[in-house]
Amino acid sequence: MRATDLLKNFLEKDISSCTNSEIYFALVKTIKHLAKEKRTKETKKKLYYVSAEFLLGRLLTNNLLNLGIYEEIEDFLSKNGYSLEKFEEMEAEPSLGNGGLGRLAACFLDSIATLNLCGDGIGLCYHFGLFKQVFKDSKQTEEINPWLDASGFLEGENKSYTVSFKDFSVSARLLNLDVIGYMGGVNSLRLFDIETIDEGLVKKGIDFDKEDIKRNLTLFLYPDDSDDKGRLLRVYQQYFMVSCAAQLILDECIEKGCKLYDLSDYAVIQINDTHPSMIIPELIRLLMEKGLSLDDAISAVSKTVAYTNHTILAEALEKWDISFLKEVAPQIVPIIEILDGRVRRKFPDETVYIIDKDDRVHMANMDIHYCFSVNGVAALHTSILKENELSSFYKIYPDKFNNKTNGITFRRWLLNSNKPLTDLIKDKIGNGFKKDPAELKKLKDYAKDEKFLNRLLEIKRESKKRLCDYLYRTQKIALNENSVFDMQIKRLHEYKRQQLNALYLIDKYFEIKEGKLPLRPITAIFGAKAAPAYTIAKDIIHLILCLGKLIEADKAVSPHLKIVMVENYNVTIAEKLIPACDISEQISLASKEASGTGNMKLMLNGAITLGTMDGANVEIHKIVGDDNIYIFGEDSKTVLLRYKQKNYKSEDYYLKNPALKRCVDFITDEKMKEIGDEKSLTRLKTELLKKDYFMTFPDFESYKETKDNALSDYEDRISWAEKMLYNISGASYFSSDRTIKEYNEDIWHLEERNKK
Ligand code: 26Q
């Protein structure tokens, strides 16, 4: 049956007498029906991608596109006087992720299904997910973000598991979400919840009783982990997730005829960072319960689980006090002790122990010893893991280590979010790139085609105009569409150095005051949430919002410079921002950003990167070449050496460089204190002067010079368009289809599924 006929059936009456909500839910039903029809038999071996986060974004239009019925439905609706956009906007974005790691998991699910591989995601169904960011008095405040009722895509399943904690147990409820590949297969995202959840537990903002585990377990994603109660709750969540996952995986494998010692013939489990690490002892425990010997259980699990590392920040590597694990799930503690004992007997080097001398369990260490694959997420990141952070492990297990440079799905980040650019590309090189991203390279043939380059510029202009309308309509933010759009959109963290960008903008403010006007007005756009307990990150948000206000009110400066921070940056807003970006800020301290994926989305949409030699920027640089990217700052070797020498003093740079000093001092200038909170601004300034752990100051000069070069190059519109073209075509490498093919060839070894 055609999609429109199905839709009409689900509407049950003539569309003209339906409410918007009836139409929305009929659309959802149509999608679910078609997904069910498309499902085919599973292959013997299946991938389970276990992750505490899946940052999916809205599903409606992406699903229509992937099913190949977008145009048909759009046509039908418009003939009846509706725009599809209206229904798109009714969907609440699932709130199941923080940032890069969660979004990567979502891109991977899309590519796995598109490539017709059999692989499900497993995670948790957080009712309020990540908080909603609301600005009050130029500060971030946090509110709950309910999304479940307004989605419609989740379906309850008739499966339930029991998870036992030390003093009590909970019943798990399984929810299913169809993952529909682009002209490909259909898989599932399986999300676990508890039966006894109580949304009423949430008091003011995002406060709730952190000790009432039976009622709070799946309320929030990563509850505040700045105190022990929050940390303990996080361990409860993790154990709940992996215990459900392990039970589900074993059930499915047994159903297919698995005898358990041959588990790795039926399952491969990719764990997304260390958050699901407890799946290793939990699976060993369950296999032994089902009759396997300890040795056989350890061997079966070690052949099945693979680990991806997403960070080299020491503070983000999870270590849990063994007392926490004893409090939550004492049944896995003896197994962890056995695993650690085996390591200790084999290796003299204390740094590779799982349990350290302070009785803390190093989750990554357990993963590396007992997984068959360990991968980093960009070439530089993987080599830093091998040579620095994890070098003692690399010596022991050189063959386990491999790199899988991240990627993004072009369906969401080009086909769906930038239709005019998609059409232009299609006109030039045909439709092939939609299934085979390598075909994007063909665009290079048009590097000297002025007509094509002008069209690229025109599309960028139109996207900027659309963004202006959207931001005005939704957030009352008014932008000058003829200015340069410079964007830094990512989680707020000191290592990402939003503060460096802010210092540049203060410098620009001074220049304008002195009469040195930019060639064209500049709009600096930020989008970022800070972790609720991360004080300095919130201070940086405060600084940016105050600067924005100060400049807005200064009539001499405001025609030339505007600073805005969009509220509650999420996937939905990213899809509007990215097509409109001219300059993509990727300015992390070299060695600290594992990969970055926003950098890939922005280049794919014709933004030019201004960045350090960090994460995947290094590979972007290699692909597009010096002329098509703006690289500045110290490289990772210099930075790592400085950390080793422990002799960095930010104050030296401040005292040596009057321009820098003037910008830093301005943070607590009288004008700023009039607008902002003196305590917060002073704290931030002191942090920079006395610590600056992420070394903002040494890169200030080269950042300023390089950014000013980019702004001046921008004025040669045709040569800028050529840079855009090289970025769009070079982005082909960063398709998550390429990444997933590599995972499959090197780690998973899944066969393709039969197609319908
Ligand atoms: C750990 C312990 C306690 C509480 C929270 C956490 C925690 C939570 C989230 C640790 C890490 C995360 C998220 C990390 C993340 O998003 N990493 C990003 O992963 C991307 C995908 O690989 C990379 O592109 C980014 O460079 C990396 O920062």
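Residues numbered from 1 in each chain as written. Predicted model: local features only at pLDDT ≥ 70, side-chain atom pairs only at ≥ 80, totals over all residues. Heavy atoms only, no water.

Visitor: An account of helix H32 (residues 736-748) is needed here, citing residue identities and associated values.
Guide: End to end, H32 covers just 15 Å across 13 residues, shorter than the expected 18 Å (1.5 Å per residue, more than 12% under). All buried positions along H32 are accounted for by Ser736, Asp737, Arg738, Thr739, Ile740, Tyr743, Asn744, Ile747 and Trp748. Between the side-chain oxygen of the N-cap and the backbone nitrogen of Asp737 there are 3.0 Å, and the N-cap of H32 in question is Ser735. (Helix = DSSP H or I, 4+ residues; strand = E, 2+ residues; numbered from the N terminus. Expected span 1.5 Å × (residues − 1). Buried < 20%, exposed > 50% of the residue type's maximum accessible area, 1.4 Å probe, protein only. Polar contact = N/O pair within 3.5 Å; in protein donor to acceptor, adjacent residues only side chain to side chain.)

Visitor: Now, about unusual backbone geometry: what can you tell me, with residues and values included?
Guide: The backbone of Arg497 shows a phi angle near 60°, a positive value even though the residue is not glycine. Within the secondary structure layout, Arg497 lies in the loop between strand E14 (484-489) and helix H20 (498-513). On the basis of relative accessibility, which here comes to 0%, the residue Arg497 falls in the buried class. Its identity is not glycine, yet His749 carries a phi of approximately 55°, on the positive side. In this fold, His749 is placed in the segment after H32.

Visitor: Describe the pattern of salt bridges, and please don't skip the residues or the numbers.
Guide: Oppositely charged side chains may form a pair once their charged atoms are brought near each other. By the definition in use, this model includes 61 salt bridges. The shortest N-O distance in the salt bridge between Lys139 and Asp677 comes to 2.5 Å. Highlighted residues: Lys139 in strand E4 (residues 139-143) and Asp677 in the loop between helix H28 (670-675) and helix H29 (678-690), separated in sequence by 538 residues. Lys139 gets classed as partly exposed once you look at its relative accessible area, which sits at 30%. A salt bridge links Arg190 to Glu157, with the shortest nitrogen-to-oxygen separation between them at 2.9 Å. Note that Arg190 is positioned in strand E7 (residues 186-194) and Glu157 in strand E5 (residues 155-164), a separation of 33 residues in sequence. Judged by relative accessible area, which is 6%, Arg190 ranks as buried. (Salt bridge = Lys/Arg side-chain N within 4 Å of Asp/Glu carboxyl O.)

Visitor: Let's hear about the side chain of Arg491: which residues, and what values?
Guide: Structurally, Arg491 is set in the loop between E14 and H20. Despite its burial, Arg491 pairs with no opposite charge; the closest candidate is Glu53, at 6.7 Å N-O. Of the polar contacts made by the side chain of Arg491, one reaches the side chain of Asn98; its length is 2.4 Å. For Arg491, the side chain forms a polar contact with the main-chain oxygen of Lys529, separated by 2.9 Å. For Arg491, the residues in contact, after removing those within four places along its chain, are Asn98, Gly99, Leu130, Lys496, Gln498, Ala528, Lys529, Ala530 and Ala531. (Lys, Arg positive; Asp, Glu negative; His and termini not counted. Contact = heavy atoms within 4.5 Å.)

Visitor: Let's hear about the site of the ligand: which residues, and what values?
Guide: Close to the ligand lie 18 residues, the nearest being Asp225, His310, Asn406, Glu593 and Gly596. Within the side chain of Tyr495, an N or O atom sits 3.1 Å from an oxygen atom of the ligand. Ala594 places a main-chain nitrogen or oxygen 3.3 Å from an oxygen atom of the ligand. Surface burial for the ligand is 83%, taken as the share of its 620 Å² of free accessible area covered by protein chains. (Near = heavy atom within 4 Å. Areas by Shrake-Rupley, 256 points an atom, 1.4 Å probe, with all protein chains shown as cover.)

Visitor: Mind laying out the sheet that holds strand E19 (residues 630-631), listing which residues take part and the relevant values?
Guide: Strand order in this open sheet of six strands is E16-E15-E14-E17-E18-E19, and the pairing throughout is parallel. With one partner strand each, in any of the chains shown, strand E16 (561-566) and E19 form the two edges of the open sheet. For strand E15 (residues 522-527) and E16, the ladder comprises six bridges, and the chain directions are parallel. In the strand pairing of E16, Thr523 is matched with Lys562. Strands strand E17 (583-586), strand E18 (608-611) and E19 of the sheet are contacted by helix H31 (residues 717-730), whose axis makes an angle of about 85° with E18. (Pairing = 2+ DSSP bridges. Axes fitted to C-alpha atoms, helices over the stretch in contact; angles between N-to-C directions.)

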